Every structure is written in structure tokens, then in C-alpha cells.
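So the chains spell out like this:
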Amino acid sequence: MVDIFDDLKALNKPVFYEGDAPVDLPNDFFTISEDSTEDNLNADNKPLEVLYEFTLKYYSKDIKTLYTQFNEAVALLKAKGYIISGVGRGSVSYKEWFAREIEVRKIDYLERN
């Protein structure tokens, strides 16, 4: 199973499910939405791989660190085997937080018997 929350722990930043952040938000944080999970490879009507698709968003009150912290997260996830294309895009800001987002995918290779 893919656990993107655990994989982002090394950044020492809060990570919330999209729409499930607390009322009192920190100065910078990540949100994750799980957009899709589907069989990526099948044999004999049995899934052998599952593709997980997420949207990773980073919010920061400091525009100076918006790109550096976001890029650090992208590099970390790539090193952990996530499939990431591009460099992200601007996201809708929230109150005084600036935001960037990127689509993130990872294949979970299931046990083959």
C-alpha cells in the first residue's frame, strides 16, 4: 500500500487530507487529495499493480519559501519512487497563504503468486 503521508514525514511539515485541515492553520503545510486508485496491470483477472494518483498542494505565508519547500517535497517523493511530471503549477491561494500544486502518482506492486 502507498502511504504518501508517511513518505512526506521527512520534511517536518504538517500534512493534511484536502479539506480536513484544522481551523488554526500553521504558516506552511501540505494537503493531499487521493484522486484515483485503479488496477494498473492485471493477469488472469487478478490485479498485479495498483496505480495511486494524488494531488499534492503546498501552502505558505512566505512567498520566498513557496518554491524551495515545494521543490524539496517533489524531490523527496521522486526519490521514494513516485512518478511526477513537470514542476507543478500555481494553485488557488487561501486567505494569506500562497499555494502550488502537482499531480503525483505511484505504482504499488502487489504480491504475485
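Residues numbered from 1 in each chain as written. Predicted model: local features only at pLDDT ≥ 70, side-chain atom pairs only at ≥ 80, totals over all residues. Heavy atoms only, no water.

(A) Examining the nonpolar core more closely. The biggest cluster of nonpolar side chains holds 21 residues, and the ones touching the most others in it are I4, L8, F54, L56, L77, Y82 and V104. Where this core is concerned, the elements lending two or more residues are β2 (28–43), β3 (46–60), α2 (63–79) and β6 (98–109). The leading source of residues in this core is α2, at 6 residues. What V104 contacts, discounting residues up to four positions off in sequence, is I4, Y52, E53, F54, L56, L77, Y82, I83 and I84. Among the nonpolar cores identified, the runner-up in size contains 6 residues, and L25, F29, Y59 and W97 belong to it. (Core = buried A, V, L, I, M, F, W, Y, C linked by side-chain atoms within 4.5 Å. Buried < 20%, exposed > 50% of the residue type's maximum accessible area, 1.4 Å probe, protein only. Helix = DSSP H or I, 4+ residues; strand = E, 2+ residues; numbered from the N terminus. Contact = heavy atoms within 4.5 Å.)

(B) The arrangement of the environment of F70 in detail. Along the chain, F70 falls in helix α2. Judged by relative accessible area, which is 0%, F70 ranks as buried. Separated by 18 residues in sequence, F70 and G88 place their C-alpha atoms 8.7 Å apart. Excluding its chain neighbours within four sequence positions, the residues that come into contact with F70 are L56, Y58, T65, V87, G88, R100, E101 and I102.

(C) Up close: α2. Taking 1.5 Å per residue, 17 residues should reach 24 Å; α2 reaches 25 Å between its end C-alpha atoms and fits that length. Among all positions in α2, only L66, Q69, F70, A73, V74, L76 and L77 are buried. All buried residues of α2 fall inside an arc of 160° around its axis, so they share one side. Pointing more than 90 degrees away from the buried face of α2 are the exposed residues K64 and A79. Each element contacted by the buried residues of α2 is listed here: α1 (4–7), β2, β3, β4 (83–84) and β6. Between the side-chain oxygen at the start of α2 and the backbone nitrogen of K64 there is a gap of 2.9 Å, and the oxygen is on D62. Of the residues flanking the end of α2, it is G81, one or two places downstream, whose phi is positive at about 90°. (Expected span 1.5 Å × (residues − 1). Arc of directions from axis to C-beta. Polar contact = N/O pair within 3.5 Å; in protein donor to acceptor, adjacent residues only side chain to side chain.)

Geometry only, nothing functional implied.
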